[in-house]
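Observations on the three-dimensional arrangement
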Amino acid sequence: MEQEDLQSPASRAPSRRAALLGIGAVAGVGAVDLGAFLLASGRLTPDRLTPGRLTDGFETVFGKHAGFRRNHAKGVGVAGSFLANGAGSAVSEAVVFEDGRTTPVTGRFSLSGGVPDVADATQTVRGLGLRFDLPDGEQWRTAMINRPVFQDRTPQGFYERMLAFKAIPGTGKPDPEKTAAFLAEHPETVRAMELAKQQPPTSGFADSSFNGLNTFHFSNSSGDTVPVRWSLIPLQPVRPAAKRPLGRNELFEKLIAALDAGPLRWRMVLTIGRPEDPVDDATEAWPDTRRTIDAGVLTLTSARTEAAGEGRDINFDPTVVPRGITPSSDPLLSARSAVYAQSFTRRAGEGIRTSPVKAAEESDV
Ligand code: HEM
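Described in the following lines is the structure provided in the data block. (Residues numbered from 1 in each chain as written. Predicted model: local features only at pLDDT ≥ 70, side-chain atom pairs only at ≥ 80, totals over all residues. Heavy atoms only, no water.)

Notes on the overall build of the protein
Put simply, the test is: Here a strand is any run of E in DSSP of at least two residues, a helix any run of H or I of at least four, and the numbering for each starts at the N terminus. For the exposure calls, accessible area comes from a 1.4 Å probe over protein chains only, and a residue counts as buried if that area is under 20% of its type's maximum, exposed if over 50%, partly exposed in between. The contact rule is simple, with two residues in contact once any of their heavy atoms fall within 4.5 Å. Exposure was quantified through the Shrake-Rupley algorithm and a 1.4 Å probe, taking into account, for residues, occlusion by the shown protein chains and nothing else.
Scanning the protein from terminus to terminus reveals eight helices and 10 strands. Counting only residues that meet the buried cut, the protein has 54% of its 365 residues in that class. Partitioning the intrachain contacts of the protein with sequence separation of at least 6 by distance along the chain shows that 76% fall at a separation of at least 24. Carbon and sulfur atoms make up 55% of the accessible area of the protein, which totals about 15500 Å².

Let's talk about the packing of helix 3 (residues 51–62) against helix 8 (residues 331–350)
Just so we agree on the cut-off: Note on method: axes are straight lines fitted to C-alpha atoms, helices fitted across the in-contact stretch only, with angles between N-to-C directions ranging 0 to 180 degrees. Each angle receives one of four descriptions, namely roughly parallel if under 35 degrees, roughly antiparallel if over 145, roughly perpendicular if within 65 to 115, and oblique otherwise. The hand of a helix crossing depends on one turn: near helix anticlockwise from the far one by less than a right angle means left-handed, and clockwise means right-handed. Charged residues are taken to be Asp, Glu, Lys and Arg, nonpolar residues to be Ala, Val, Leu, Ile, Met, Phe, Trp, Tyr, Cys and Pro, and polar residues to be all remaining types, Gly included.
Orientation of helix 3 relative to helix 8, taken along the N-to-C sense of each, is 60°, at an axis distance of 9 Å. Here helix 8 runs oblique to helix 3, going by the angle between their axes. Where helix 3 crosses over helix 8, the handedness of that crossing is right-handed. Along the contact surface, helix 3 presents Pro 51, Gly 52, Leu 54, Thr 55, Asp 56, Phe 58 and Glu 59, while helix 8 presents Ala 338, Val 339, Gln 342, Ser 343 and Arg 346. Residues that form the contact of helix 3 with helix 8 fall into these classes: five nonpolar, four polar and three charged.

Observations regarding the site of the ligand
We count it as follows: Here a residue counts as near a molecule or strand whenever at least one of its heavy atoms sits within 4 Å of it. Counted as a polar contact is a pair of N or O atoms within 3.5 Å, where, for protein atoms, one must be capable of donating a hydrogen and the other of accepting one, and residues adjacent in sequence contribute only when both atoms are in side chains.
Around the ligand there are 26 residues in total, and Arg 69, Arg 108, Tyr 340, Ser 343 and Arg 347 lie nearest to it. One of the side-chain nitrogen or oxygen atoms of Ser 343 is found 2.5 Å away from an oxygen atom of the ligand. Partitioned by chemical class, the residues of the shell around the ligand number 14 nonpolar, eight polar and four charged.

Some details on the coordination of the iron atom of the ligand
In an ideal tetrahedron of four donors about a metal, each angle is 109.5 degrees. In an ideal octahedron of six donors, the angles are 90 or 180 degrees. As a reminder of what qualifies: Only nitrogen, oxygen and sulfur atoms qualify as donors, and only when within 2.8 Å of the metal (3.2 Å in the case of Na, K and Ca); with water excluded, sites may look incomplete.
Among all protein atoms, only Tyr 340 (OH) binds the iron atom of the ligand, sitting 2.1 Å from it. Relative to the elements of secondary structure, Tyr 340 occurs in helix 8.

Considerations on the pattern of salt bridges
This is how it is decided: What counts as a salt bridge is simple: a side-chain nitrogen of Lys or Arg found within 4 Å of a carboxyl oxygen of Asp or Glu.
One pass over the structure, following the stated rule, counts 17 salt bridges. A salt bridge links Glu 93 to Arg 323, with the shortest nitrogen-to-oxygen separation between them at 3.1 Å. Taken together, the residues Glu 93 in the loop between strand 1 (74–84) and strand 2 (102–111) and Arg 323 in the loop between strand 9 (292–304) and strand 10 (325–327) connect sequence positions 230 residues apart. Classification of Glu 93 as partly exposed rests on a relative accessible area of 29%. Of the residues examined, Arg 323 reaches a relative accessible area of 44% and is grouped as partly exposed. Ionic contacts of the salt-bridge type, sharing partners, join the residues Asp 56, Glu 59, Lys 64, Arg 70, Arg 346 and Glu 350 into one network.

Side note on the side chain of Asp 313
Following the sequence through the fold, Asp 313 ends up in the loop between strand 9 and strand 10. In terms of polar contacts, Asp 313 uses its side chain to reach the side chain of Arg 312, at 2.8 Å.

Some remarks on the packing of aromatic side chains
We count it as follows: Stacked, tilted and edge-to-face pairs are distinguished by plane angle, under 30 degrees for stacked and over 60 for edge-to-face with tilted covering the rest, among Phe, Tyr and Trp rings (Trp via its six-membered ring) whose centres lie within 6.5 Å. Two conditions define a charge sitting above a ring: the NZ of Lys or the CZ of Arg must be within 6 Å of the ring centre, and it must be within 35 degrees of the ring normal.
What the rule picks out here adds up to 16 aromatic pairs. Aromatic pair Phe 218 and Trp 230: ring centres 6.0 Å apart, planes at 45°, arrangement tilted. Taken together, the residues span a long stretch of sequence, with Phe 218 in strand 6 (residues 216–219) and Trp 230 in strand 7 (residues 225–234) at a distance of 12 residues. The pair formed by Phe 218 and Trp 230 is uniform in burial state, with each residue classed as buried. The ring of Phe 158 is capped by Arg 161, whose NZ or CZ atom sits 5.2 Å from the centre of that ring.

Focus on the pairing of strand 7
Heads up, the condition is: Two strands qualify as a pair provided DSSP detects at least 2 bridges between them.
Most of strand 7 sits inside the fold, with seven of its 10 residues counted as buried. As paired strands, strand 5 (residues 210–211) and strand 7 are joined by two bridges and run antiparallel to one another. Directly across from Phe 210, in strand 7, lies its bridge partner Leu 232. Two elements, strand 6 and strand 7, share four bridges in a ladder whose sense is antiparallel. In the strand pairing of strand 7, Phe 218 is matched with Val 226. Hairpin connection from strand 6 to strand 7: five residues lie between these consecutive antiparallel strands, with Gly 223 at a positive phi of about 90°. Where strand 7 and strand 8 (residues 264–272) come together, seven bridges link them in antiparallel fashion. Residue pairing across strands places Leu 232 opposite Met 268, the latter belonging to strand 8.

Structure below.
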């Protein structure tokens, strides 16, 4: 079997096939991309970055935690719905944007990193994965984070950064020589880190914005196509993060308590790119003067245990999109699809395990 090479952006263009594999999938199993599934882990051509080698990278850095996601291992499932106001139909024929349509949503809040019982920390990247279940088995899956841009332009950059920033045993800190060498080679990562500092994390999940970061192409019913990036902007009041260290599960406990007290809401904002805006570089922000469309409101109503059939078993592969949305040529997107499939395949083979954050103790399940 030929090795897939993640250094080549064209190596595995996300396709309608990937989307179709996701459609009707039971708990995400169908989203496992068969191409990636069949790939070996780089034994034949050890210098090439394959999905297997990238996934191995997570195990090198975080250790191997059988049954858990290789990244964003700590998380909690949620459920709710999206109510569209019709404005999104101007740019996409996806039914999710039809005026007045309510779409059921299954999601998962998470913290980045491959350690399932890691202590919550303000600076750790917060994630939100969502699966919108549309009529006729169509789905829209997305995984977003609370950062304004991504740190890496390419899968190779992601892999090298992950290894360069690996904590040295004993010190708990990365090797300064390795991080300096990496950053000298990657000015785009330095710029992304500076931008992230200007938009510090908020007090918790409920008042975080979540950004899709990668670009997608939206096509409307007249056949017009525009580049789009999307964000979820909290309708909860935004508060600054605590300056003190957090309790071990504090962010998740606050989220579960908030959901117990009532629904949480986010506006979905679509940002429309102009022809000069990069579509294949998630480290670059688009100018904030770009046209935006408020497409509707996401309402999350309950925290769920990570039980079978809920957030735990979903592969939030961002290339699973409905008609009216197409992945761009961003090399991160095809890599994400392949690596999430690897991660899913490994954890499924090991017996999927539930994240130590359990909503059942505090919530309505
Ligand atoms: C080359 C770049 C990337 C790699 C290699 C990577 C890798 C991974 C892996 C292995 C997982 C676990 C998948 C699973 O087992 O289900 C994951 C989850 C996740 N990733 Fe990425 N990722 C990348 C880029 C991104 C970007 C750009 C974003 C946000 C815009 C993102 C957001 C997330 C989120 C929110 C999750 C958790 C989803 C869940 O709860 O299952 N990742 N990532």
